[in-house]
Structure formats: C-alpha cells, structure tokens
Amino acid sequence: MGQTICLAHSKVLAGGNLMSSNIHFMYLSRSAIAASLAVLALLPLPVHAKNAGTPIADIVISNGKIFSSITSKPWSEALAIKDKKILAIGSTQDIKEYIGPSTEVIDAQKQLVIPGIIDAHVHLSNSIKDIIAFNCSSPNDASLDQLIVNVAACAKGRKPGEWVTVNAYSSRLIPQLTASDALQKLDAATPDNPVVIRSDSVHDRWVNSAALKLANITKQTTVADGTIGKDPSSGELNGLLIEWGAAGLVDTISPLGKFNSTDDSGLLEQGAVLLNSFGVTGWVEAMSSVESAAAYRKADESGNFHGRVGISILLDPNKVAPSELPALFKAASASDDAHLSTKFAKIFLDGTPVTQTASVLEPYLPNKEHGAHYHGEQKVSQDLLNQTVTALDALGVSVKMHVTGDGSVREALNAVMAARAANGNRGPTHTLAHAGHLAPEDIRRFATLNVAFEASPTMWFPGPIMDAMIAMLGKDRAENFWLFRTYMKNGALVAGGTDWKTIPGEYSDLWSGIEGMVTRRNPTGKFPGVLHPEEALDVATALQLYTINSARVLRVDDVAGSLEPGKSADVVILNQDIFTVNPDCISETAPLMTIFEGAVVYKNPKKDAPACS
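Read on for an overview of the structure. Residue indices begin from 1 for each chain and proceed along its sequence in written order. Local features in this predicted model are restricted to residues of pLDDT 70 or higher, and side-chain atom pairs are both shown and tallied only at a pLDDT of 80 or more, whereas totals for entire chains, interfaces and linings draw on every residue. Calculated side-chain values reflect all of the structure's heavy atoms, with hydrogen atoms and water omitted.

1. A short note on the sheet that holds strand β17 (residues 340-348)
The following threshold applies: By this definition, two strands are paired if DSSP reports at least two bridges between them. Helix and strand labels come from DSSP, where a helix needs a run of H or I of at least four residues and a strand needs a run of E of at least two; each type is numbered from the N terminus. Convention adopted: a line fitted to C-alpha atoms gives each axis, helices being fitted over their contacting stretch, and angles between N-to-C directions are expressed from 0 to 180 degrees.
An order of β8-β15-β16-β17-β18-β19-β20-β21 is seen for the eight strands of this open sheet, with the pairing classed as parallel. Each end of this open sheet is capped by a strand with a single partner; those strands are β8 (117-122) and β21 (493-496). Pairwise comparison of adjacent strand axes, ignoring direction, gives a mean angle of 25° for this sheet. Taken together, the four bridges between strand β20 (residues 451-455) and β21 define a ladder with parallel strand orientation. Directly across from Glu454, in β21, lies its bridge partner Ala495.

Okay, structure coming up:
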C-alpha cells in the first residue's frame, strides 16, 4: 500500500514569531490570509501490477486538474515523481503503474495543480528586514490628514526619542507634501519622536524635523543621487527625501539601516520558507552583491533553503568600468551551485514617474520645480551604458535594467542593440524591469533584440500610484500602461514578477497581480474602473508569465517552469481552481502544498474552502 502525506497538522512556517505574525499580510494583501482553505484528501491508492522494469515513483499526485504550462498539452490528471524529477504525466489510470509500496500518493481531489511559481523580481533579504524594521503601517490610499493621524497613533506610547518607522505614504500626496506646512503638521503630531515614512514607490521618504536634525540635513545639504525636498515657495525643508541618495541619509541612522551584516543567510533561509508558502520555487534576486551571493550560498547549503535563484549583482556604470567586470563576476561565481547563478546584473537607468525622476521622451506636465520642459533623470549616459551592456553580454551575463520611463526604455534597448552588433545575437536574454511605459515604435524591438519585459510591480490596474502618475504625465500617457496583449502580439517575452516587497500592499502581491492581469481591475475594490480591458489576459497566459516565461528569464526553462517528464518536480497544489472561479476571487488563492525537487517543502494546515465565490 502506498504511503500517505498528512497536511492537516503541519505548521505554516518554521521560522518562529517573525514568520507567524504579519508576513502573510505583506505578500497576500487581501482576505486570502484569513480565509480558510480547501482540504486535500490524502488517501492511499492500491498498488497495481507493473510491467517488468517500470520504475517506482517516490510521489504520485493523482485525480488532479494539472496545468502543465505547455501550450500544446496543457492538461492532465496525474503525475509521478522520482529522484527529484517528473517521471511521467498523464491520466490517473496511466500513472497507477508507477505506484509501489514506498510511494507517497496524494489524491488531489480535482484541485488545481500548477508548476512552481517563478518570480522574476524579488528583494528577499531586504523584504525580511523590512518586516522587522517597520513598526507601523498606514494604508497607501490614506489622505494626508489620515496619514498624520495614523502616524500620531503609532507614536503614542513610544518612549521619547524612539524611532517611528511607517510604511507607507501614497505618492499621489507628493504635491501636498512639498509645502512646508505639511511638515509642520507632522511635527505637531510627533513632537517627541523621529519619524521616517516610506513612500509606496519605496524610492522616497517623508521625515519629520526631528529625523532631519538627527541626520544633520539642512537647506545646504546636497546628495549625488537624489534630492533634499524644499518648499518651492519658501525654500524651507519639507521633509521629503527623493531617491536613494537622499533617503539613505535617514535610513542609515534609523532602524531601516540597522541591518549591516554581510551575512544575511539566516534571513534568506526564512525568506525562502516564506516564498515556498506562496508557491514560489524560483526567483530572480533583483539587487544583490558579491557578499550577498555568498550569503545565498551559505543558506542553500544549510538544508533549509528550497529554491533556484538568479542573483543580480548591482552595478553603477559610472563607478565600475567595463574592464573591471570580468574580475567582479569571477568573484561572484564562487557562490554558484546547482540552485544559484550569479550570471545576472542589475543597473538603474532612472527613478520613478511619480517623483519625475523617470526618464521620459516627452516632458512631464509643467510644475514650479521643473518648469514645462523637464524630461526626468538619466542616470547613465548612452555611450557608457552601451559599453557596459556590451561587456556584460560578452561575459554571458543577463542584464536587468530598471526602466520606468519610455526614455530609459529606449536607452536600454539601444544598449542591447549595441551589444548584439558587437557580440552577435547568441548572447543571453536581457530584461527590462518595470517597462510599462514605452513608445509604440519600441515595442517590436523587444523580440528583435531578445529582450524580455519584466512585469512588476503588480500595478496594471487603477490605484494610488496610477493616480500619482496621472498627475505627473497626464491621463492618456499614464494609462497607456502594461499593454500585455500588444507586447505579446509583437513577439515579446513577458515574464511575471512582484518586486516583493519593494512596493507595499497589493502592489507586491502575487495572486492579486494575476487577478489584475485577468480583470484589469483593482483587486481590493477600492479604486473603480478598468485599465485597458482589451489588454486583459486569460488565466492560462497569466500563469505562463509566472512559470515558463519567468523560467526563461531565470535561465532555467530547460529544468523548470513547466510540468513535463525529465524536468524538476517543482509542483504546487492550490486551494481553488482559478480557471473556473469568479475572476474577482483569484486574489484569494493560496497553496495547499508546495513541492520542490520532489520534496514537500510546504503544507497548509487550514481546511476550509476560500470565502470568496
């Protein structure tokens, strides 16, 4: 008789209090956290006679609705797993012959089974640090008055001088925050505590005068990468710190900067357990270093880490010459193993549209600070970027470029074009992260140049960040955003990411993101309207973005991303069938079980069906 697996008494996470309190809120932003989940009946199936030489499976999943993520053969009922790989896939009857006395048999009871999710954009250790470092939260749709009330409530009861760290304020509040009287309101609400509030774009901060004083920020302070905010009328400080160079002045002296250890392996282990609980078995670490790569290797060797990762080494071409790149990536490669690859780089080309730091082809709407002809920031010159990308391409390194404006998209594509001209067309796929805004004439260049769209963060529907972009770009330009069907009709590869946990709330939520791809509506219901409904995807295509397409970006599509014989047994059983439920319920999805390389790495202990219907 085959063995059975019992999920009912398993713990969600094995990481202690950190992993048992507010983490699910951070990644699953809606009532999926509180909703009960459907039970899996894990019943033993009888042993059947086998043909001579038929291998015996370690695990068999039968009686399921298995989506393979292969367009030519998307559906089956059962699969067999042996030696970490998928042995066979087919009907329940077909797979019975692989069941032996030692086989663990899972009756999926018609539940949906999919390949392990691969997230094309994750900040893993930083996400766990954030969960620890922020002691308060405020909804990113709060008004200025509501935000100040929330911050005052956070400060109440804290000792004088104790930091209040808040996530997050809405970028659409920036026009109000530029006036110094907003800072006066914040100071009055928090007279005894330094306060730092992170924006929903994550690039920026709003701080009170106590924090400005502790950071020694004055009207004369300047930074290389960013802006110290001032009231455009009076010239007084307004507490805004725009972009990383300015934000870092306060981050480094507050709890946000208290994690300075070069060994984040423990945090990475906890983060991997968390990602497994969301069905994620592979990801691209979007901003890393040689030291962080070594921490990943230590975590992977611990036995508590389950996932395959592309580690993107952060580069500033203004500081690292092309001639230095071979030595840098040789040093990083010491951390490579069967699960980890450092053949990835990350380059920032601009900031964000909501602070007018994204590079745009047409000027932003006029304002007092920048006038009527401002095109944003270009962090790297075209010539220097061409040299850097060409050198990385020659090394076989896949380059992820942060591009939020159509100007930086064009600059990135021009750099890849220069690399292809110099090195030929056989180099790796390069990726443009956050490339939701681009000129129509640039869309077809993605397929021609073998460049992937990386869809993240999950904000292809109405919401506060869209409102903030409308204020900076105008409605038509802002809403011409993430035209998925158009991209794919032009042959482009689109890979799904979350930017977890760079954007708070629903903007880094995996299943809300998939719901939004299908509906183009805000999954929370707080913001009405539909964003380009003609660009909505069917469920199968949306899942492919987060499985086989993102596997291509991670450069593991030969071993993962789909369910087929010979590939790694990375499998997720879900609590509901997102192909048949009301599309507005997709965000309630949660895994019942996650399997990585043939081993069960997560079981959900809850039994009841989701509340949404």
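Having seen the model, we can carry on.
2. Points about empty space enclosed by the protein
Our working definition: Residues are called lining when one of their atoms sits within 4 Å of a cavity or pocket point, these points coming from a 1 Å grid over the protein atoms alone, where a cavity is a set in which a 1.4 Å probe fits but cannot get out and a pocket is an open set with protein on both sides within 12 Å along at least five of seven lines. Grid points are joined across faces, edges and corners, and a volume is the space filled by probe spheres set on the points.
Under the criterion given, the structure shown has one cavity of 30 Å³ or more. In this model, the largest cavity occupies a volume close to 40 Å³. What lines the largest cavity is Val284, Ser312, Phe344, Ala345, Ser398, Val399, Lys400, Thr431 and Val553. The set of elements that each furnish at least two residues to the lining of the largest cavity consists of β17 and β18 (398-402).

3. Focus on helix α8 (residues 244-251)
This is how it is decided: Burial here depends on accessible area, computed with a 1.4 Å probe over protein chains only, as a share of the maximum for the residue type. Under 20% is buried, over 50% is exposed, and the range in between is partly exposed. Note that the arc is computed from the directions linking the helix axis to the C-beta atoms. Should any heavy atoms of two residues lie within 4.5 Å, those residues are counted as being in contact.
Among all positions of α8, only Ala246, Ala247, Val250 and Asp251 are buried. One side of α8 holds all its buried residues, which, seen down the axis, span an arc of 140°. Contacts from the buried residues of α8 go to β11 (195-199), β12 (205-207), α7 (209-214), β13 (227-230) and β14 (237-242).

4. Brief notes about unusual backbone geometry
A cis amide bond links Asn167 with the next residue in sequence, Ala168, at an omega value of 20°. Position of Ala168 among the secondary structure elements: in strand β10 (residues 164-169). The residue after Ser456, namely Pro457, is reached through a cis peptide bond having omega -10°. In this fold, Pro457 is placed in the loop between β20 and α16 (464-473). Unusually for a residue other than glycine, Trp482 sits at a positive phi of about 50°.

5. Looking at the pairing of β10
Stated formally: Every crossover in which the path from the first strand over the helix to the second runs clockwise, viewed with the strands pointing away from the viewer, is termed right-handed.
For β10, a buried count of six out of six residues is recorded, marking the element as mostly surrounded by other parts of the structure. Pairing of strand β9 (residues 136-137) with β10 involves two bridges; the strand directions are parallel. Bridging from a neighbouring strand, Ser137 pairs with Asn167 of β10. For the crossover from β9 across helix α4 (residues 144-155) to β10, the handedness is right-handed. The sheet contact formed by β10 and β11 spans five bridges and is parallel. Across the sheet, Asn167 pairs through a bridge with Arg198, a residue of β11.

6. Some words on the packing of α4 against helix α6 (residues 180-189)
To be explicit about the condition: Our angle categories are set so that under 35 degrees counts as roughly parallel, over 145 as roughly antiparallel, 65 to 115 as roughly perpendicular, and the remainder as oblique. Crossing handedness follows the turn of the near helix against the far one: under a right angle anticlockwise gives a left-handed crossing, and clockwise gives a right-handed one. Lys, Arg, Asp and Glu make up the charged group, whereas Ala, Val, Leu, Ile, Met, Phe, Trp, Tyr, Cys and Pro make up the nonpolar group; the residues left over, Gly among them, are polar.
Their axes nearest at 9 Å, the elements α4 and α6 cross at an angle of 25°. Taken together, α4 and α6 sit at an angle that is classed as roughly parallel. For the pair α4 and α6, the sense of crossing is right-handed. Each of Leu144, Asp145, Ile148, Val151 and Ala152 in α4 lies in contact with α6, whose residues at this interface are Ala182, Lys185, Leu186 and Ala189. Class assignment of the residues belonging to the contact of α4 with α6 gives a composition of seven nonpolar, no polar and two charged.

7. Here's the deal with the environment of Leu385
Tracing the backbone through its elements, the reader meets Leu385 in helix α12 (residues 382-394). By relative accessible area, Leu385 is classed as buried at 0%. Sequence separation of Leu385 and Val416 is 31 residues, and the distance between their C-alpha atoms is 9.2 Å. With residues up to four places along the chain from it excluded, the contact list for Leu385 reads Ile347, Leu349, Val380, Met401, Glu411, Ala412 and Ala415.

8. Examining the layout of surface pockets
The calculated volume of the second largest pocket comes to roughly 510 Å³. Forming the walls of the second largest pocket are 25 residues, and the residues nearest its centre are Ile174, Thr178, Asn367, Glu369 and His370. The set of elements that each furnish at least two residues to the lining of the second largest pocket consists of α5 (174-177), β13, β14 and α16. Per element, the largest residue contribution to the lining of the second largest pocket is four residues, and it comes from β13. The class makeup of the residues in the lining of the second largest pocket is twelve nonpolar, nine polar and four charged.

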